[in-house]
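# Coordinates in review
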Amino acid sequence: MYHQENLLAYEFILVDEVSMIDIELLSILLLAIRRDAKVVLVGDPSQLAPVGIGGGLNLLAKHFPNQTIRLQEQHRFIQKSEIHELALLAKQGNLLTTSLKSPNTLSANDDAQQEILEQWIEKYIHPCYKQKITFKVLENIILSPWRNYENGILNINKFIQKRLHYFNLLQKPEGWCEGLPIIIRSNHYSQQIYNGDKAYIKKINHELHAIFPSKSNRQIPLSSLHNFELAFAMTVHQAQGSEVDNVFLWLGNIDEQAKSWLSDNLLYTSITRAKNTFKFVAI
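Cut-offs applied
- Residues numbered from 1 in each chain as written.
- Predicted model: local features only at pLDDT ≥ 70, side-chain atom pairs only at ≥ 80, totals over all residues.
- Heavy atoms only, no water.
- Salt bridge = Lys/Arg side-chain N within 4 Å of Asp/Glu carboxyl O.
- Helix = DSSP H or I, 4+ residues; strand = E, 2+ residues; numbered from the N terminus.
- Patch = residues over 30% accessible without salt bridge, like charges linked within 9 Å, V, L, I, M, F, W, Y side chains within 5 Å.
- Areas by Shrake-Rupley, 256 points an atom, 1.4 Å probe, with all protein chains shown as cover.
- Phe/Tyr/Trp six-rings, centres within 6.5 Å; stacked < 30°, edge-to-face > 60°.
- Buried < 20%, exposed > 50% of the residue type's maximum accessible area, 1.4 Å probe, protein only.
- Expected span 1.5 Å × (residues − 1).
- Arc of directions from axis to C-beta.
- Polar contact = N/O pair within 3.5 Å; in protein donor to acceptor, adjacent residues only side chain to side chain.
- Contact = heavy atoms within 4.5 Å.
- Pairing = 2+ DSSP bridges.
- Axes fitted to C-alpha atoms, helices over the stretch in contact; angles between N-to-C directions.
- Parallel < 35°, antiparallel > 145°, perpendicular 65-115°, else oblique.
- Left-handed = near helix turned anticlockwise from the far one by under 90°.
- Nonpolar A, V, L, I, M, F, W, Y, C, P; charged D, E, K, R; others polar.
- Right-handed = clockwise from strand over helix to strand, strands pointing away.

Pairs can form between side chains of opposite charge once their charged atoms are near each other. In total, this model carries seven salt bridges according to the counting rule given. With a closest N to O distance of 3.8 Å, E118 and R163 form a salt bridge. One end of the pair, E118, is in helix α4 (residues 110-124); the other, R163, is in helix α6 (residues 153-166), with 45 residues separating them in the sequence. For the salt bridge of K215 with D197, the shortest nitrogen-to-oxygen distance reads 3.5 Å. With K215 in the loop between β7 (207-212) and β8 (218-221) and D197 in the loop between β5 (181-184) and β6 (198-204), this pair connects stretches of sequence that are 18 residues apart. Three or more residues joined by partner-sharing salt bridges are found here, namely E139, D245 and K275.

The structure is reproduced here in structure tokens:
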């Protein structure tokens, strides 16, 4: 463990995704760095605040403006594209209060929302199985602000697996089987697999394995992993730091209290996960 009495030996330290680090963890890191070391902190202050207390990146940018560089150009999606325009609106704090006429934004009543979700699944998820390109399922995700809420990711993931089984695209309506996408929820240091890593399940020699595309398609027996879950849908917090081809932000039928949790930061984080298409249902 590194701390004030046992400093890191490095002369140069680069920390990415600092917007996800809370003040307590950032303080521990900075106190463990040599005074003569050079430190570069990289992050997007417009994204969601950390799960823990406070946003250290915004605090540092406020108190050290002369040491802060703000990038003016992004390379994730095409400039002036609809995704780009949506992201700008959210970054400026105008998305929730602006009437959008983009095809990326769908306005629907409660009865139609389920149908819209099913159409998105059929368009982006079904082909991954029909065309035998299972790994591509990881490039199409549904995001939700909630985990355990009625419209949270746990219920969405169950719904999608049952629906794919109904169309004979998966072997099982529940439980683990070949073709399912998963996300790791805790660190596996001995296997160099970490919280947030994504994989898809494949049967190899009659045993289920997790295949990790981001790690040169490493194959790890599913039985040797712990604390993982389905990843058709993820929370917006889980998706931070990643990017995929197509994103659907699913809000569903929510009450007034849940609406109060929505923010432009949440929408901005969701939008900027997408490289090609982004859709959400306006409520």
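Attention shifts here to a nonpolar patch on the surface. Residues F12, L14, V40 and V42 make up a contiguous nonpolar surface patch of about 360 Å² in total accessible area. Its location among the elements puts V42 in the loop between β2 (38-41) and α2 (56-63).

This part is about the packing of aromatic side chains. What describes a pair of aromatic rings is the distance from one ring centre to the other and the angle between the planes of the rings. Going through the model one piece at a time under the given rule, you end up with seven aromatic pairs. Ring geometry for Y166 against F167: centres 5.2 Å apart, planes inclined by 90 degrees, an arrangement best described as edge-to-face. The class of F167 is partly exposed, set by a relative accessible area of 36%. Centroid distance W176 to F228: 4.9 Å. Interplanar angle 45 degrees. Geometry classified as tilted. Placement of the pair is W176 in the loop between α6 and β5 and F228 in strand β9 (residues 228-230), with a sequence separation of 52 residues. Residue W176 is classed as partly exposed on the basis of its relative accessible area of 31%. By the ring-pair criterion, three or more aromatic residues cluster together here, those being W120, Y124, F248 and W250.

Relative to the 20 Å expected for 14 residues at 1.5 Å per residue, α6 spans 20 Å between its end C-alpha atoms, a close match to the ideal helical length. Of the residues making up α6, those classed as buried are I153, I156, N157, I160, Q161, R163 and L164. All buried residues of α6 lie within an arc of 165 degrees about the axis, which places them on one face of the element. Opposite the packed face of α6, turned more than 90 degrees from it, sit the exposed residues K158 and Y166.

With that out of the way, let us pick up the side chain of S186. Along the chain, S186 turns up in the loop between β5 and β6. Within the structure, S186 has its side chain in polar contact with the side chain of N227 (distance 3.5 Å). Sequence-distant contacts of S186, that is, excluding residues within four places in its chain, are made with I193, Y194, N195, H226 and N227.

Next up on the list: the pairing of β7. Here five bridges tie β6 to β7, and the two strands are oriented antiparallel to one another. Bridge assignment links K202 to a residue of β7, and that residue is H209. Linkage of β6 to β7, two consecutive antiparallel strands, is achieved through a turn of two residues, within which N205 is found at a positive phi near 55 degrees. Sheet analysis places β7 next to β8, joined by four bridges and oriented antiparallel. Across the sheet, H209 pairs through a bridge with P221, a residue of β8.

Let us now look at the packing of helix α3 (residues 82-91) against helix α9 (residues 264-271). For the pair α3 and α9, the least separation of the axes is 8 Å and the interaxial angle reads 155 degrees. The pairing of α3 with α9 is recorded here as roughly antiparallel in orientation. Handedness of the crossing formed by α3 with α9: left-handed. The residues of α9 that touch α3, namely those facing I83, L86, A87, L89, A90 and K91, are D264, L267, Y268 and I271. Of the residues in the contact of α3 with α9, the class split is eight nonpolar, no polar and two charged.

What follows covers α9. With seven of eight residues buried, α9 is to be regarded as a mostly interior element. Where α9 is concerned, the buried positions are D264, L266, L267, Y268, T269, S270 and I271.

The next thing to look at is the sheet that holds β7. With respect to topology, five strands assemble into an open sheet ordered β8-β7-β6-β5-β9, the strand pairing being antiparallel. Where the open sheet ends on each side, the last strands, each with one partner, are β8 and β9. Taken over all neighbouring pairs, the strand axes of this sheet differ in orientation by 40 degrees on average, direction set aside.

A separate point is the pairing of strand β1 (residues 12-15). Burial along β1 is one-sided: I13 and V15 are buried, while F12 and L14, pointing the other way, are not. Relative to β2, β1 is paired through four bridges, and the arrangement is parallel. Across the sheet, the residue bridging to V15 is L41, located in β2. Crossover connection from β1 via helix α1 (residues 23-31) to parallel β2: handedness right-handed.

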